[in-house]
Amino acid sequence: NHNYFSIPNTINSYWAGFLAADCSIETSSNRIGLNLHYQDKSHLENFKNCLGYNGKIYVNHKRRHSVTLRFSSKQIKQDLGDIFNVTPQKTFTLQPPNLTDRDMCLAYIAGYIDGDGSYSWAGRKIKRPRLSIYGTERILNWIKFNLGNLDNKVHFIKRDNLYSLSFSGNKAIYARSFYINMTLPFLFRKYSYWEQTQDENKHIDILSCYNSYKIPE
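Values in this document were obtained by computation on a predicted structure and should not be read as measured data.

Undergrad: Would you mind showing me how to read helix α6 (residues 170-177) here?
TA: Because an α-helix packs 3.6 residues into every turn, residues spaced three or four apart end up facing the same way. The element α6 is largely enclosed, with a buried count of six among its eight residues. Regarding α6, the residues found buried are Lys171, Ala172, Ile173, Ala175, Arg176 and Ser177.

This is the structure:
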């Protein structure tokens, strides 16, 4: 479906955010590629089905067991650039999407975090959930604004020439609450991380935190 991204909605906004984080777009052609770890093959198949693409997903067992989907579409490349600001060589230049609908913005952020974000536990004696996101300064400040505009700062990572934004504890729960209950094709491995590791961190009740969103002073 070459017009899949032509009219924004929450589902294609999610995928646009995921592509903004993880895809490659060739400058001299209309080729678009998406390479993921083999354990996320089902996520790639999900995207392929949403796109209505009947091409093959390539498995590369030599390259860390990765899976790759490649396709060419002039219209998709144009829509990704015009509507979502997903362009070739975007790693250091990515700008926020041209979206005004609140749910579409949050869906884009959810997709972006599934691509360039991580969920973890921070702390030695007392573990706290942490949400970390990586990208350009512009995209991270836009994400921060849409996730409650908390007082967390965007930090520059000199070795990677990129920026990071992190939320810990109740702030991480609060930030994720903006999109976690939306009906989206989440990457299950990341979506369920805190819940899957709950037994190792029993002092934090993640599920009950979803109903409180209490931000520490």
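There's plenty left to go through after this.
Undergrad: Would you explain the packing of helix α4 (residues 102-116) against helix α5 (residues 137-146) in this entry?
TA: The description of two helices packed together rests on the angle between their axes and the distance between the axes. As a packed pair, α4 and α5 sit with axes 11 Å apart at the nearest point and diverge in direction by 125°. When the interaxial angle is binned, α4 and α5 end up oblique. Classified by chirality, the crossing of α5 by α4 is left-handed. Of α5, the residues touching α4 (which contributes Arg102, Cys105, Leu106, Tyr108, Ile109 and Tyr112) are Ile139, Trp142, Ile143 and Asn146. Among the residues making up the contact of α4 with α5, the classes are represented as eight nonpolar, one polar and one charged.

Undergrad: How do you make sense of the sheet that holds strand β3 (residues 58-60) when you look at a structure like this?
TA: Paired through their backbone hydrogen bonds, the strands of a sheet run either parallel or antiparallel. The strand order across the open sheet formed by four strands is β1-β2-β4-β3, and the pairing between neighbours is antiparallel. The outermost strands of the open sheet, each flanked by one partner alone, are β1 (23-25) and β3. Strand after strand, the sheet turns through a mean of 25° between neighbouring axes, direction not considered. Here β1 pairs with strand β2 (residues 31-37) via three bridges, running antiparallel. Residue pairing across strands places Ile25 opposite Ile32, the latter belonging to β2. Seen against the sheet, helix α2 (residues 41-51) touches β2, β3 and β4 (66-72) and runs at an angle of roughly 15° to β4. Packed on one face of the sheet, helix α3 (residues 74-84) meets β1, β2 and β4 and runs near 75° to β2.

Undergrad: So what exactly am I meant to see when it comes to the pairing of strand β8 (residues 162-168) here?
TA: Remark: a regular strand shows side chains that alternate across the two faces of the sheet. In terms of burial, β8 is a largely internal element, five of the seven residues being buried. Bridge count for strand β6 (residues 128-135) against β8 is six bridges, and the pairing is antiparallel. Paired with Leu131 across the bridge in β8 is Phe167. Where strand β7 (residues 155-157) lies against β8, three bridges are found, and the strand directions are antiparallel. Across the sheet, the residue bridging to Phe156 is Tyr163, located in β8.

Undergrad: I would appreciate a short explanation of the packing of helix α1 (residues 10-22) against α2 in the present structure.
TA: Look at α1 against α2: their axes get within 12 Å of each other, and the N-to-C directions meet at 130°. The orientation of α1 relative to α2 falls into the category oblique. For the pair α1 and α2, the sense of crossing is left-handed. Contacts between α1 and α2 pair Ile11, Tyr14, Trp15, Phe18 and Leu19 from the former with His43, Asn46, Phe47 and Cys50 from the latter. Residues that form the contact of α1 with α2 fall into these classes: seven nonpolar, two polar and no charged.

Undergrad: It is not clear to me how the nonpolar core should be interpreted in this structure. Could you clarify?
TA: What tends to happen in soluble globular proteins is that the nonpolar side chains get buried as a cluster. Counting 57 residues, the largest nonpolar core has Phe5, Leu80 and Tyr179 as the members making the most contacts within it. Of all the elements, α4 adds the most residues to this core, at nine residues. When sequence neighbours within four positions are dropped, the list of residues in contact with Phe5 reads Asn12, Trp15, Ala16, Leu19, Phe47, Leu51, Ile76, Asp79, Leu80, Ile83 and Phe84.

Each value, and the rule that gives it
- Residues numbered from 1 in each chain as written.
- Predicted model: local features only at pLDDT ≥ 70, side-chain atom pairs only at ≥ 80, totals over all residues.
- Heavy atoms only, no water.
- Buried < 20%, exposed > 50% of the residue type's maximum accessible area, 1.4 Å probe, protein only.
- Helix = DSSP H or I, 4+ residues; strand = E, 2+ residues; numbered from the N terminus.
- Axes fitted to C-alpha atoms, helices over the stretch in contact; angles between N-to-C directions.
- Parallel < 35°, antiparallel > 145°, perpendicular 65-115°, else oblique.
- Left-handed = near helix turned anticlockwise from the far one by under 90°.
- Contact = heavy atoms within 4.5 Å.
- Nonpolar A, V, L, I, M, F, W, Y, C, P; charged D, E, K, R; others polar.
- Pairing = 2+ DSSP bridges.
- Core = buried A, V, L, I, M, F, W, Y, C linked by side-chain atoms within 4.5 Å.

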